Amino acid sequence: MHFEYHEPTSVREAVELGARFGADGRFLAGGTDLLIQMRRGQLRPRHVVSLHRVPGLDAIDVDGAVTLGALVTHRRLEREPSFRGALQALIEGAEVVGGHQIRNVATVGGNIVNASPAADVAPVLLALDAEVTCLGPGGERSLPLEAFASAPGVTARRPDELLTRARFARLPPHSATAFLKAGRRRAMEISLVCVAARVTLDASRERCLDVRIVLGAVAPTAMRARAAELGLRGQPLTAQALREAGRAAAGECRPISDVRASARYRALLVATLVERALARCGERIRQAA
Ligand SMILES: Cc1cc2nc3c(=O)[nH]c(=O)nc-3n(C[C@H](O)[C@H](O)[C@H](O)COP(=O)(O)OP(=O)(O)OC[C@H]3O[C@@H](n4cnc5c(N)ncnc54)[C@H](O)[C@@H]3O)c2cc1C
């Protein structure tokens, strides 16, 4: 494995190097995906551009909207006090990524750009309607996270672009989120299935005004279960409505069978986890009242 290692000390310098190397280069954040892929020979960049000494990409800003710098680690998300409450799913997604060592260095930006169908934090951001911002030699552009990943490892990022942040609007009143993951073990396990849910109820906390249901590890990219979402709009969150939403989501997903689980088992997990995640959102909204 031969490559040249670069350590820019500003965003501008990082972007210049990205532009110079294009598809021959790769940005290095926590390295927990990149280094493994390089060691396995799946990726052979001739230039590795470390982001470790680049300041300004590791901030969490919570004002009118919530902005996560690309270098925010999963550990930071897990410990961010302002996410307790309506944004609990961000904490729940981050705290099940790998083990402590991984979470200390692995970043939100890496999770998004790596575009694994089984990523845990990206689906939560999708449920929050996040948009991502890329900065390249031609300037900055933002696009919905939903339009970012198109296949495993394939994104709309151009090779010379640095992902700088993810951003989403703060949630309206009577909203909650939840994230659930099923793996074969309880820790250090990538998802067999994961589910991120977001629910906003009306002022009487009876009916569902808005809902997002995002499924991970059951399609080439994390996917929204739109039929399940549609079925819940305007409806009370009854046990039957939640069960039906779970069933609808299981019908929409496109899981594969592999050594870790059969497609049928994954679809059954989707039905159960969707039902539970939605129920958890409902409980959280009522508890916060
Ligand atoms: C033992 C182990 C367990 C794991 N468990 C989980 C798990 O449970 N759940 C889960 O979701 N993931 C898991 N992962 C995968 C990984 O930790 C996460 O995807 C992590 O968020 C990747 O972040 P990183 O900073 O390490 O990315 P890196 O490895 O540094 O980068 C990943 C990719 O993104 C690119 N990149 C990174 N940052 C930027 C940027 N700002 N702009 C442009 N391109 C960029 C890199 O060039 C590379 O292609 C695990 C990994 C290991 C090794």
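None of the values given here were measured: they were computed from a predicted structure.

**Q** Which parts of the structure should I look at to understand the overall build of the protein?
**A** If you tally the helices and strands in the protein, you get 10 helices and 14 strands. What you see for the protein is a C-alpha radius of gyration of 19 Å, in line with the 19 Å of a compact globule of 289 residues. A buried classification covers 46% of the 289 residues belonging to the protein. The contacts of the protein with a sequence gap of at least 6 include a subset with a gap of at least 24, amounting to 66%.

**Q** Explanation requested: the site of the ligand in the structure shown.
**A** As a structural note, the neighbourhood of the ligand is formed by 30 residues, with Ala29, Gly30, Gly98, Gly110 and Asn111 the closest of them. If you tally residues by element for the shell around the ligand, the top one is helix α6 (residues 108–114), at five residues.

**Q** Explain the nonpolar core to me, please; I cannot follow it from the model alone.
**A** Nonpolar side chains in soluble globular proteins tend to be buried together. Ranked by internal contacts, the top residues of the largest apolar core, which has 88 residues, are Leu125, Val195, Ala197, Leu215, Ala249, Val270 and Val274. Ranked by residue count, the leading element in this core is helix α10 (residues 263–288), at eight residues. Among the domains, domain 1 (60–169) and domain 2 (175–288) are the pair contributing at least three residues each to this core. Discounting chain neighbours no more than four positions away, the residues touching Leu125 are Ala130, Leu145, Ala166 and Phe168.

**Q** In this structure, what is going on with the domain arrangement of the protein? I would like to understand it.
**A** Here the protein is described as being made up of domain 1 (60–169) and domain 2 (175–288). Centre-to-centre, using C-alpha coordinates, domain 1 lies 20 Å away from domain 2. Counting from both sides, the interface comprises 25 residues of domain 1 and, opposite them, 25 residues of domain 2. Elements represented by at least two residues in the side of domain 1 that touches domain 2 include exactly α4 (88–94), α7 (121–127) and β8 (149–151). Sort the elements by how many residues they give to the side of domain 1 that touches domain 2 and α7 lands first, with five residues. Looking at the side of domain 1 that touches domain 2 residue by residue, the class counts come to 17 nonpolar, six polar and two charged.

**Q** Looking at this model, I keep getting lost on the packing of helix α9 (residues 239–252) against α10. Mind explaining?
**A** Where α9 meets α10, the axes come as close as 8 Å, and the angle between the chain directions of the two elements is 140 degrees. Judged by the sense of rotation from one axis to the other, the crossing of α9 with α10 is right-handed. Across the interface between the two elements, Leu242, Arg243, Ala245, Gly246, Arg247, Ala249 and Ala250 of α9 pack against Ala267, Leu268, Val270, Ala271, Thr272, Val274, Glu275, Leu278 and Ala279 of α10. In the contact of α9 with α10, the residues fall into 11 nonpolar, two polar and three charged.

**Q** Is there a simple way to think about the environment of Ala89 in this case?
**A** With respect to the element layout, Ala89 can be found in helix α4. Note on Ala89: 29 C-beta atoms within 10 Å, which makes it buried. Along the primary structure Ala89 and Ala178 are separated by 89 residues, whereas in three dimensions their C-alpha atoms are 4.4 Å apart.

**Q** Even after reading the chapter, I still don't get the environment of Pro123, so can you show me in this structure?
**A** Within the fold, Pro123 resides in helix α7. On the basis of neighbour counts, which here come to 32 C-beta atoms within 10 Å, the residue Pro123 falls in the buried class. Spatially, the C-alpha atom of Pro123 lies 16 Å from that of Glu189, the residues being 66 residues apart in sequence. Other than its neighbours up to four places away in sequence, Pro123 contacts Cys194, Ala196, Val214, Gly216 and Ala222.

**Q** Explanation requested: the sheet that holds strand β14 (residues 223–224) in the structure shown.
**A** By way of backbone hydrogen bonds, the strands of a sheet pair with one another, either parallel or antiparallel. Strands sit in the order β11-β12-β13-β14 across an open sheet of four strands; the sheet is antiparallel. The sheet is open, and its two edges are formed by β11 (175–182) and β14, each paired on a single side. The pairing of strand β13 (residues 208–216) with β14 spans two bridges and is classified as antiparallel. Bridge pairing links Val214 to Arg224 in β14.

Rules used throughout
- Residues numbered from 1 in each chain as written.
- Predicted model: local features only at pLDDT ≥ 70, side-chain atom pairs only at ≥ 80, totals over all residues.
- Helix = DSSP H or I, 4+ residues; strand = E, 2+ residues; numbered from the N terminus.
- Rg over C-alpha atoms; globule rule 2.2 N^0.38 Å.
- Buried ≥ 20, exposed ≤ 12 C-beta atoms within 10 Å, placed from the backbone.
- Contact = placed C-beta atoms within 7 Å.
- Near = placed C-beta within 6 Å.
- Core = buried A, V, L, I, M, F, W, Y, C linked by C-beta atoms within 7 Å.
- Domains from an automatic or database assignment.
- Nonpolar A, V, L, I, M, F, W, Y, C, P; charged D, E, K, R; others polar.
- Axes fitted to C-alpha atoms, helices over the stretch in contact; angles between N-to-C directions.
- Left-handed = near helix turned anticlockwise from the far one by under 90°.
- Pairing = 2+ DSSP bridges.

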